[in-house]
Amino acid sequence: MKKTILGVFLLFAALSAGAQGQHEINVFVGGYKSEFFQEDESRNYYGDLLFDATDNIHRGDLADLYEPHYNIKSSPVLTVNYHYILNRWLRLGAQMNWAGLSGEYRYLLSSRAPEKFSQQMVSVLPQAKFCIPGARHFRLYGKLAAGLQFNMGTLYSRSRPVEFAWDVVPIGAEWGGRRFYGNAEFCYGSIIQGGRIGIGFRF
């Protein structure tokens, strides 16, 4: 999958080699998939992102005994963005995301062995980027995106093969030159709940 994302990155560069500053590509590494945090908030969860903490069973009310309890591991989310620059404040394009989710779930009152899952998630979302004109070496922006997520592999119980996906960046920042630059985003949605950091270039 990493090779696929790199290939998309190079393809956009090759197709737009003759353009003069009308295109931009960004590559990000982000936080963990939103499904992890959704399970955490629902309290039907045991374990954490980095360790097999199977003894760390959440102890809630009596109803929790009849709900599935999850031990979930999430990879970081890799994102590639492409935008066509319409003017100083608006850019239209799309983003592609990849992440992996694995683990197991079980019922506390059942004698059955835990059921394992391991799924790969790829999402494609058309998006709009709204820029705030600023200093030459520091610029702010926001983004809205909506599309589809495709889940592959052994799915965990709350996943479907195809799901609606959305991503909102209320605030993002770019720093550096006009052609090559770094950026960071605060994100909320079905892709990431947290942030991501990356690099980009225009051509």
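From a predicted model like this one, the values you see are computed outputs, not experimental measurements.

A few words now on a nonpolar patch on the surface. A contiguous nonpolar patch, built from Val124, Leu148, Phe150 and Val162 and spanning about 300 Å² of accessible area, is present on the exposed surface. Residue position: Phe150 is located in strand β6 (residues 138–154).

With that settled, consider empty space enclosed by the protein. Tallied over the full model, the rule gives 2 cavities of 30 Å³ or more. Quantified by volume, the second largest cavity comes out at close to 30 Å³. Along the walls of the second largest cavity sit Lys33, Val77, Asn97, Trp98, Ala99, Met121, Val122, Ser123, Gln149 and Ile191, which together make up its complete lining. Put simply, the parts of the chain that give the lining of the second largest cavity at least two residues each are β4 (90–107) and β5 (115–135). Residues that form the lining of the second largest cavity fall into these classes: 6 nonpolar, 3 polar and 1 charged.

The residue His23 is located in strand β1 (residues 23–32) in this model. Of note is the side chain of His23, whose polar atom sits 2.3 Å from the side chain of Tyr82.

For the structure shown, the criterion picks out 9 salt bridges. Residue Arg196 pairs with Asp167 through a salt bridge whose shortest N-O separation is 2.5 Å. Note that Arg196 is positioned in strand β9 (residues 194–202) and Asp167 in strand β7 (residues 162–176), a separation of 29 residues in sequence. Here the two residues Arg196 and Asp167 agree in accessibility, since each one is buried. Between Glu174 and Arg202 there is a salt bridge, with its nearest N and O atoms 2.6 Å apart. You can see Glu174 sitting in strand β7 and its partner Arg202 sitting in strand β9, a full 28 residues away along the chain. If you follow the salt bridges from partner to partner, you end up with Glu24, Arg91, Lys129, Arg139, Glu174 and Arg202 in one network.

Another point: the pairing of β4. Relative to β4, strand β3 (residues 76–85) runs antiparallel, the two sharing 8 bridges. For His83, the partnering residue across the bridge sits in β4 and is Gly93. Taking the residues that link successive antiparallel strands as the turn, the β3-β4 hairpin has 4 residues. Taken together, the 16 bridges between β4 and β5 define a ladder with antiparallel strand orientation. Each residue of the ladder has a partner; that of Glu104, found in β5, is Lys116.

Rules behind the numbers
- Residues numbered from 1 in each chain as written.
- Predicted model: local features only at pLDDT ≥ 70, side-chain atom pairs only at ≥ 80, totals over all residues.
- Heavy atoms only, no water.
- Patch = residues over 30% accessible without salt bridge, like charges linked within 9 Å, V, L, I, M, F, W, Y side chains within 5 Å.
- Areas by Shrake-Rupley, 256 points an atom, 1.4 Å probe, with all protein chains shown as cover.
- Salt bridge = Lys/Arg side-chain N within 4 Å of Asp/Glu carboxyl O.
- Helix = DSSP H or I, 4+ residues; strand = E, 2+ residues; numbered from the N terminus.
- 1 Å grid on protein atoms, 1.4 Å probe; cavity = no way out; pocket = protein on both sides within 12 Å on 5 of 7 lines; lining within 4 Å.
- Points joined across faces, edges and corners; volume = space filled by probe spheres on them.
- Nonpolar A, V, L, I, M, F, W, Y, C, P; charged D, E, K, R; others polar.
- Polar contact = N/O pair within 3.5 Å; in protein donor to acceptor, adjacent residues only side chain to side chain.
- Buried < 20%, exposed > 50% of the residue type's maximum accessible area, 1.4 Å probe, protein only.
- Pairing = 2+ DSSP bridges.

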